[in-house]
Every structure is written in structure tokens, then in C-alpha cells.
Amino acid sequence: QLRLVATWDAQLVRSALPISLHGILIQGAVLDNGKLSDIGHDAPTVLPVPPCTIAWICPEEPDPYPEDSTVPVPLYFTTDRAR
């Protein structure tokens, strides 16, 4: 059974077919050097994030990040939060 993983660092994924996602926006925060931070009151509502790499990996492959350093987040198709 394959597992889907995502990472901001493509080199952390060992997969035959990784996919790089571009154009993702984040709302209410900024992703800086792999860490989430609050944005200032004068910052835009949405900001771009670096390309995200996703890949299906074998169950025996390690996760790109330790479980205690990850957070699940929803991915919406529009700013209206349509999935």
C-alpha cells in the first residue's frame, strides 16, 4: 500500500515520480525557511509558498519529516475554500 507524502524539500522524497506543485497560496501566515509564522497586520491576506513536492512512496520508506514536526492542513481550490 503506497502512502502520499508532501514536502517543501524535494530531496527528502525517494520516489520514482515526484510531482512539484507551484502556485500554492497560504492565507494568514507565511512559510519562511520551512517554518510557519504569523503575518503582520499590513501584509496581504494570501501569500505564495515555495513549490511543494508530493509523491507516493512505499510503506517502508521514511516520512520526509518527523511526525512531531508536521501539521495537517487543508488544501482548497479557491479562496472561497472550495475543496
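Worth saying up front: this structure is predicted, and the values here are computed from it rather than measured. (Residues numbered from 1 in each chain as written. Predicted model: local features only at pLDDT ≥ 70, side-chain atom pairs only at ≥ 80, totals over all residues. Heavy atoms only, no water.)

A. The sheet that holds strand 1 (residues 3-7), seen in detail. Strands sit in the order 1-7-2 across an open sheet of three strands; the sheet is antiparallel. Looking along the sheet, the strands with just one partner apiece sit at the ends: strand 1 and strand 2 (19-21). With strand direction ignored, the average angle separating the axes of adjacent strands in the sheet is 25°. Pairing between strand 1 and strand 7 (residues 52-57): five bridges, direction antiparallel. (Pairing = 2+ DSSP bridges. Helix = DSSP H or I, 4+ residues; strand = E, 2+ residues; numbered from the N terminus. Axes fitted to C-alpha atoms, helices over the stretch in contact; angles between N-to-C directions.)

B. Main features of the pairing of strand 5 (residues 35-38). The pairing of strand 4 (residues 29-32) with strand 5 spans four bridges and is classified as antiparallel. Paired with Asp32 across the strands is Lys35, a residue of strand 5. Counting the residues between successive antiparallel strands, the hairpin from strand 4 to strand 5 contains two residues, one of them, Asn33, with a positive phi of roughly 55°.

C. View of the environment of Val5. Mapping Val5 onto the fold places it in strand 1. On the basis of relative accessible area, Val5 is assigned to the buried category, the value being 8%. Beyond its immediate chain neighbours, meaning those up to four positions away, Val5 contacts Val13, Thr53, Ile54, Ala55, Ile57, Asp63 and Pro64. (Buried < 20%, exposed > 50% of the residue type's maximum accessible area, 1.4 Å probe, protein only. Contact = heavy atoms within 4.5 Å.)

D. Structural view of the pattern of salt bridges. Across all of its chains, the model carries two salt bridges by this definition. A salt bridge links Arg3 to Asp63; its shortest N-O distance comes to 2.4 Å. Residue Arg3 is located in strand 1, and its partner Asp63 is located in the segment after strand 7; the two are separated by 60 residues in the primary sequence. In this structure, Arg14 engages Glu61 in a salt bridge whose closest nitrogen and oxygen atoms are separated by 2.9 Å. Of this pair, Arg14 sits in the loop between strand 1 and strand 2 while Glu61 sits in the segment after strand 7, placing them 47 residues apart in sequence. The class of Arg14 is exposed, set by a relative accessible area of 57%. (Salt bridge = Lys/Arg side-chain N within 4 Å of Asp/Glu carboxyl O.)

E. Representation of the state of the cysteines. All chains considered together, the criterion is met by zero disulfides. As a non-bridged cysteine, Cys52 has Cys58 as the owner of its nearest cysteine sulfur, 19 Å distant. What makes Cys52 buried here is its relative accessible area of 8%. Assessed through its relative accessible area of 33%, Cys58 is described here as partly exposed. (Disulfide = S-S within 2.5 Å.)

F. View of a nonpolar patch on the surface. A cluster of nonpolar side chains, Leu2, Leu4 and Trp56, forms an exposed patch at the surface whose accessible area comes to about 340 Å². A relative accessible area of 48% means that Leu2 is categorised as partly exposed. (Patch = residues over 30% accessible without salt bridge, like charges linked within 9 Å, V, L, I, M, F, W, Y side chains within 5 Å. Areas by Shrake-Rupley, 256 points an atom, 1.4 Å probe, with all protein chains shown as cover.)

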